[in-house]
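Examining the three-dimensional arrangement
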Amino acid sequence: MLESTFQHVQGVGAVTERMLWKQGCLTWEDFLTGRYECSLKSRKVLKAGILESKSRLEVFDHTYFREALFGSLVWRAYGKFRDHACFLDIETTGLSPREHIVTTVCVHSPNGTRDYVEGKNLDELKEDLDNFKYIITFNGARFDLPFLSKKQGIKFHQIHLDLMYPLYKLGFNGGLKSIEKQVGLDRDTSGVTGFDAVRLWKAYKKNKTVEVAGRKVAGEKALKLLREYNRDDTVNLEQLAKLTIRKLTEIEKTQMTGEK
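Notes on the structure in this doc start here. (Residues numbered from 1 in each chain as written. Predicted model: local features only at pLDDT ≥ 70, side-chain atom pairs only at ≥ 80, totals over all residues. Heavy atoms only, no water.)

**Thoughts on the nonpolar core**
- Of all hydrophobic cores here, the largest spans 43 residues; its most connected members are Phe6, Phe31, Phe65, Tyr134 and Leu163.
- Among the elements that make up this core, the one with the highest residue count is helix H11 (residues 219–257) (7 residues).
- For Phe31, the contacting residues outside a window of four places in its chain are Phe6, Leu20, Cys25, Tyr36, Cys38, Arg43, Leu46, Lys47 and Ile50.
- Grouped together as the second largest cluster of nonpolar side chains are 17 residues, Val102, Val105, Leu129 and Phe147 included. (Core = buried A, V, L, I, M, F, W, Y, C linked by side-chain atoms within 4.5 Å. Buried < 20%, exposed > 50% of the residue type's maximum accessible area, 1.4 Å probe, protein only. Helix = DSSP H or I, 4+ residues; strand = E, 2+ residues; numbered from the N terminus. Contact = heavy atoms within 4.5 Å.)

Right, dumping it as structure tokens:
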């Protein structure tokens, strides 16, 4: 959908974009090679913006598209940046960056899945994230990214897609696990909750036994379950992203073609 997007050009809005779509101008290349009804000023602005966008996309300049695509359009870049994307989720000891800490982080990507643990390898996260151009989270705009910025000093330069908002727009309500159930996704750590994640961290640090989702664990076994829980979040985020992009694309294509 990125190369069918015109709204990211400054001065061009949704009305102009849909007007072009209705005329059969469905891609940047269509605009550059065809003649479509729009004002001379808009034509000049669009041509300059499209040429700039094409050159930026050739080198996967994510910073350009991060600035050009406002929140509701960020999803359109996923297809082009999929190979440079990661799914991120964090676990903490509480909700306040002032009072609590990051315990584990999981980063899932086409190159594999890696987790990070406070006191072990969490300090490697900052450098590893620099390898990505696009980050997908659930409620990450309000929680994960600000928490990591505050506690780990990470400055995020990537395009960021927070799936919570487009999923709500599509009619899915509740938290991540609730939406997983609504779309039929399973997880190996079914029954483990965010509250349990805090308990598991304490059980690991104090080597005390806790019962979580019918399992009694302590020490390293508690940490293992916590990491598995964190991993399930990110792996399922990829499936939710695919569903979200597919549904949003279907909606936009009805606008592009006029078919229902």
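**Focus on the pairing of strand S3 (residues 112–117)**
- Inspection of the sheet shows strand S2 (residues 102–109) paired to S3 by 6 bridges, in the antiparallel sense. By the bridge assignment, Cys106 is partnered in S3 with Asp115.
- In textbook terms, the turn of a hairpin is the stretch between consecutive antiparallel strands, and for S2 and S3 this stretch comprises 2 residues. (Pairing = 2+ DSSP bridges.)

**Considering the pattern of salt bridges**
- Tallying each qualifying case throughout the model produces 18 salt bridges.
- One salt bridge connects Arg187 with Glu180, and the closest N-O pair in it is separated by 2.8 Å. Considered together, Arg187 and Glu180 belong to a single accessibility category, that of buried residues.
- Measuring nitrogen to oxygen at the nearest pair gives 2.5 Å for the salt bridge that ties Lys224 to Glu228. Linking Lys224 with Glu228, this pair stays in helix H11, spanning 4 residues, or about one helical turn.
- Here Glu228 falls in the partly exposed class, since its relative accessible area comes to 27%.
- By sharing partners, the salt bridges in this structure join Glu17, Arg18, Arg76 and Glu252 into a single network. (Salt bridge = Lys/Arg side-chain N within 4 Å of Asp/Glu carboxyl O.)

**Overview of the packing of aromatic side chains**
- Tallied over the full model, the rule gives 7 aromatic pairs.
- Each ring, one from Tyr78 and one from Phe87, has its centre 6.5 Å from the other, and the planes form 65°; the classification is edge-to-face.
- The exposure class assigned to Tyr78 is buried, which follows from its relative accessible area of 2%.
- Members of the aromatic cluster, joined through ring pairs, are Phe60, Tyr64, Phe65 and Phe81. (Phe/Tyr/Trp six-rings, centres within 6.5 Å; stacked < 30°, edge-to-face > 60°.)

**Description of the sheet that holds S3**
- Read from one edge of the open sheet, 5 strands run S3-S2-S1-S4-S5, paired in mixed fashion. The sheet is open, and its two borders are formed by S3 and strand S5 (159–162), each paired with just one other strand. Across the sheet, the mean angle from the axis of one strand to that of its neighbour is 20°, orientation sign disregarded.
- Note: strand S4 (residues 134–137) against S5, 4 bridges, orientation parallel. Each residue of the ladder has a partner; that of Tyr134, found in S5, is Ile159.
- Contacting strand S1 (85–92), S2, S4 and S5, helix H7 (residues 144–152) crosses the sheet at an angle of about 70° to S1.
- Each of S1, S2, S3, S4 and S5 touches H11; the most contacted strand, S1, lies at about 140° to it. (Axes fitted to C-alpha atoms, helices over the stretch in contact; angles between N-to-C directions.)

All we've got here are geometric facts, nothing functional implied.
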